[in-house]
Structures are given as C-alpha cells and as structure tokens.
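Summary of structural features
Residues per chain, in single letters:
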Amino acid sequence: MKRILVKILCVCISILALVAVSALAEEYSGPTFDLTYEVSNGEVTITDCYYQSTIVETPRSIAGYPVTRIGVQAFGDCDKLTSITIPSSVTSIGKSAFYDCDNLINITIPYGVTSIGAWAFCGCDKLTSITIPRSVTSIGVSAFGLDTFEYFTGTNLKDIYY
C-alpha cells in the first residue's frame, strides 16, 4: 500500500513540475501589448508579439526573471507597431527582431544593449532616426536596411546617432 501511495505522489509531483515549467513559456499580457517569451538560465528572451500591438513597453522582468534579449524576429511583421521601449535590462537585439515593422516610428535602445543583429530594423520604413548607445559593440549586416551607412535606398532612415 505504501508503494502505491509513493508512486501516486511521485506522479502528482511530476505533473505539477511539468505544469510549472510550461507556465513559464506562456504569454505575458499587459494593458497594451501581448508578448510571448522563453525563460532560459534565469533570463527571459522575448520571442513574439501579438501582431496587432501598436505601442509596446517591454517590462524589465517577467515572472521574476530579467528580460535580457529580444529574440530572432520577435516583433517581425508587426505592421501596426508604432513605438517600443526596451528596458535597460536588455543586452541583445536579435536578427530581424523588428523586420518589416512598417509603421515603427519610435524606438528607444537603452544603454546596456551590446549587440544588434543583422536586419534587426530592416523594412522599418517610417523610422527616420535612431540613437545607438555607446554600449553597442556589434551591429549585424544591414541592421537598418542599409548596405552601408552611406546608402539609404529603400528606407526613410536619414540619421543614425552614436
């Protein structure tokens, strides 16, 4: 009888552990945005955004974990997105993170971000200027939809401040 109870208890604990782990991968919902995220090594990576979002203020932490990365194509094709604020806890903006955010006009990249991935802001046609903090040490190819900083074809981006 004890063995059966121990086995039932082990099964119940296993199920609870699985539910807890899957809850960490669920969506974070706020008043003006919906984010999907992953927790790994005690840090959060934003992996997706509800495509109808217009203004996003990314939180500094989710479920008690710091938000440290904007993942690959996390906001890609969110064509209604006009403004996003990234918290100072973020250190990395992934490849194509804001790819084809046609209406993005305002983004704040905080000091602390060290890398901006390739094509991160490619296709952000209404983004006219961006300030890159001095903490950035790596910028991927065509991160702003430009072949080089001298060619601004296919974009309205006129000023890049560093």
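Reading the values: the criteria
Residues numbered from 1 in each chain as written. Predicted model: local features only at pLDDT ≥ 70, side-chain atom pairs only at ≥ 80, totals over all residues. Heavy atoms only, no water. Helix = DSSP H or I, 4+ residues; strand = E, 2+ residues; numbered from the N terminus. Buried < 20%, exposed > 50% of the residue type's maximum accessible area, 1.4 Å probe, protein only. Contact = heavy atoms within 4.5 Å. Areas by Shrake-Rupley, 256 points an atom, 1.4 Å probe, with all protein chains shown as cover. Phe/Tyr/Trp six-rings, centres within 6.5 Å; stacked < 30°, edge-to-face > 60°. pLDDT = per-residue confidence, 0-100. Core = buried A, V, L, I, M, F, W, Y, C linked by side-chain atoms within 4.5 Å. Pairing = 2+ DSSP bridges. Axes fitted to C-alpha atoms, helices over the stretch in contact; angles between N-to-C directions. Disulfide = S-S within 2.5 Å.

Looking only at helices and strands, the chain features 1 helix and 13 strands. Each helix and strand of the chain, placed in order from N terminus to C terminus, yields the pattern α-β-β-β-β-β-β-β-β-β-β-β-β-β. Put simply, the chain has 162 residues, and 36% of those count as buried. Within the chain, contacts between residues at least 6 apart in sequence are counted, and of these 37% link residues at least 24 apart. Of the accessible surface of the chain, which amounts to about 9,200 Å², a share of 57% is contributed by carbon and sulfur atoms.

Per the stated rule, a full pass over the model turns up 3 aromatic pairs. Between F75 and F98, the ring centres sit 5.0 Å apart and the planes meet at 10°, which makes this aromatic pair stacked. On the criterion of sequence distance, the pair formed by F75 in the loop between strand 6 (65-70) and strand 7 (83-85) and F98 in the loop between strand 8 (92-93) and strand 9 (106-108) is long-range, its members being 23 residues apart. Of the two residues examined, F75 and F98, each falls in the buried class. Between F121 and F144 the ring centres are 5.6 Å apart and the planes differ by 0°, which places this aromatic pair in the stacked class. In this pair, F121 is assigned in the loop between strand 10 (115-116) and strand 11 (129-131) and F144 in the loop between strand 12 (138-139) and strand 13 (159-161), connecting sequence segments 23 residues apart.

Let us now look at the confidence of the model for the chain. Residues at a pLDDT of 70 or more form 69% of the chain, whose mean pLDDT is 77. The secondary-structure element of the chain with the lowest mean pLDDT is strand 1 (residues 27-29), recorded at 42, while strand 8 shows the highest, at 97. When the criterion is pLDDT under 50, residues 16-33 qualifies, and its contacts beyond four places in sequence or with other chains add up to 26 contacts. For residues 147-154, every residue scores under 50 in pLDDT, and the model assigns this stretch 9 contacts once sequence neighbours within four places are set aside.

Counting 34 residues, the largest nonpolar core has I46, F75, I93, F98, I116 and F121 as its most contacted members. For this core, the secondary structure elements donating two or more residues are strand 2 (34-40), strand 3 (43-49) and strand 6. In terms of residue count, the dominant contributor to this core is strand 3 (3 residues).

Attention shifts here to the sheet that holds strand 9. In a beta sheet, neighbouring strands pair by backbone hydrogen bonds and run either parallel or antiparallel. Read from one edge of the open sheet, 3 strands run 4-7-9, paired in parallel fashion. The open sheet terminates on both sides in strands that have one partner only, identified here as strand 4 (55-57) and strand 9. Ignoring strand direction, the axes of neighbouring strands in this sheet form an average angle of 5°. Pairing geometry for strand 4 and strand 7, over 3 bridges, is parallel. Opposite I55, over in strand 7, you have S83 as the bridge partner.

Moving on: the state of the cysteines. Tallying each qualifying case throughout the model produces 0 disulfides. The thiol of C49 is unpaired, and the distance to the nearest cysteine sulfur, on C78, comes to 4.4 Å.

So, on to the pairing of strand 6. Two faces make up the sheet, and in a regular strand the side chains alternate between them. Of the strand pairs in this sheet, strand 3 and strand 6 are connected by 3 bridges, and their pairing is parallel. Bridged to I46 within strand 6 is I70. As defined by bridge partners, strand 5 (residues 61-62) adjoins strand 6 across 2 bridges and the pair is classed as antiparallel. Bridge pairing in strand 6 links I62 to Y65. Adjacent in sequence and paired antiparallel, strand 5 and strand 6 are bridged by 2 residues, among which A63 carries a positive phi angle near 55°.

Here V90 lies in the loop between strand 7 and strand 8. The spacing of V90 and V113 is 23 residues in sequence and 5.9 Å in space, taken between C-alpha atoms.

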